[in-house]
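As a plain string of letters, each chain reads:
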Amino acid sequence: MNSAASFRKTYRARPGREAAGWPAGPVPESRAASPDTLKIIVVGTPKTGNTWVKHLLAEAYGLTPVRLSPEFDPAEAEAAGPRWISHQHFLPHHDLLAWGAAHQAVFVSVVRHPGDALVSLWHHMQKQSGRDLLASGDALQAAEILREGTDLAGDSTRTFVAHGFHLYLNLSIAWLAL
């Protein structure tokens, strides 16, 4: 089996994708992502390994990493060229899914144990400045409370887990539901 056929065979539609414009069952030849025009967007919860997965897939498929803005812009994605990989913490909204279906983009969501993601996020937030948070968009702003704590098991972490961490986890879960 050649690499293109192997690639198409491993990328099948899942329940729920029909609502986003994807066909039921295997992806037809005309809708399958082609190795010549492969576009991968790694999406999901911050601090779950998105950057690592992006670099692994870039190396495996010979893709050029590109940076996409936190607010999805179809013109920016199209201007990136026919073959690329990026990561961004996008929610699976209709416009993004429609663009992905029209351009045969592949969305990859990384899942990590919530405890591991929380510890990684806490350490990351301890190193951030307020200016860095503003530049990162909404993805990390809710976790700013973690900067207030000096102890991983402190009050700020418990408050974040009780009132905001579920929003981070729901990002990856939303992609898995497609």
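Residues numbered from 1 in each chain as written. Predicted model: local features only at pLDDT ≥ 70, side-chain atom pairs only at ≥ 80, totals over all residues. Heavy atoms only, no water.

## Structural notes on the pattern of salt bridges
For side chains of opposite charge, pairing can occur when their charged atoms come near one another.
(1) Moving on: Going through the model one piece at a time under the given rule, you end up with two salt bridges.
(2) Moving on: A salt bridge links glutamate 144 to arginine 147; its shortest N-O distance comes to 3.2 Å.
(3) Moving on: Close ionic contact of arginine 158 with aspartate 155 constitutes a salt bridge, the shortest N to O distance being 2.5 Å. In this pair, arginine 158 and aspartate 155 are both assigned in helix H8 (residues 155-163), three residues apart and thus about one turn of the helix distant.
(4) Moving on: Its relative accessible area of 55% is what places aspartate 155 among the exposed residues. (Salt bridge = Lys/Arg side-chain N within 4 Å of Asp/Glu carboxyl O. Helix = DSSP H or I, 4+ residues; strand = E, 2+ residues; numbered from the N terminus. Buried < 20%, exposed > 50% of the residue type's maximum accessible area, 1.4 Å probe, protein only.)

## So, the sheet that holds strand S4 (residues 105-109)
(1) Moving on: The strand order across the open sheet built from four strands is S2-S3-S1-S4, with neighbouring strands paired in parallel fashion. Whereas interior strands pair on both sides, the edge strands pair on one side only; in this sheet they are strand S2 (64-65) and S4.
(2) Moving on: Both strand S1 (residues 39-43) and S4 contribute to a ladder of five bridges, which runs parallel. The residue bridging isoleucine 40 from the neighbouring strand is valine 106, located in S4.
(3) Moving on: The sheet contacts of helix H4 (residues 94-102) involve S1, strand S3 (84-87) and S4, and relative to S4 the element is tilted by about 130°. (Pairing = 2+ DSSP bridges. Contact = heavy atoms within 4.5 Å. Axes fitted to C-alpha atoms, helices over the stretch in contact; angles between N-to-C directions.)

## Quick word on the confidence of the model for the protein chain
(1) Moving on: Per-residue pLDDT for the protein chain has a mean of 81; in total, 75% of the residues score no lower than 70.
(2) Moving on: pLDDT under 50 marks residues 1-16. Its contacts with residues more than four places away, or in other chains, come to 28 contacts. (pLDDT = per-residue confidence, 0-100.)

## Here's the deal with the nonpolar core
If you look at soluble globular proteins, the nonpolar side chains tend to sit buried side by side.
(1) Moving on: The biggest cluster of nonpolar side chains holds 16 residues, and the ones touching the most others in it are Ile41, Trp84, Phe90, Trp99, Phe107 and Trp175.
(2) Moving on: Of all the secondary structure elements, the ones that give two or more residues to this core are S1, H4, S4 and helix H9 (165-176).
(3) Moving on: If one sorts the elements of this core by residue count, H4 sits on top with three residues.
(4) Moving on: If we ignore the near neighbours within four places in the chain, the residues touching tryptophan 99 are Lys39, Ile41, Phe72, Pro74, Ala77, Glu78, Trp84 and Ala105. (Core = buried A, V, L, I, M, F, W, Y, C linked by side-chain atoms within 4.5 Å.)

## Observations concerning H8
(1) Moving on: Taken as a whole, H8 has its buried residues at Ser156, Thr157 and Phe160. One side of H8 holds all its buried residues, which, seen down the axis, span an arc of 100°. Of the exposed residues in H8, the ones pointing more than 90 degrees away from its buried face are Asp155, Arg158, Ala162 and His163.
(2) Moving on: Buried residues in H8 make contact with helix H5 (114-126) and H9. (Arc of directions from axis to C-beta.)

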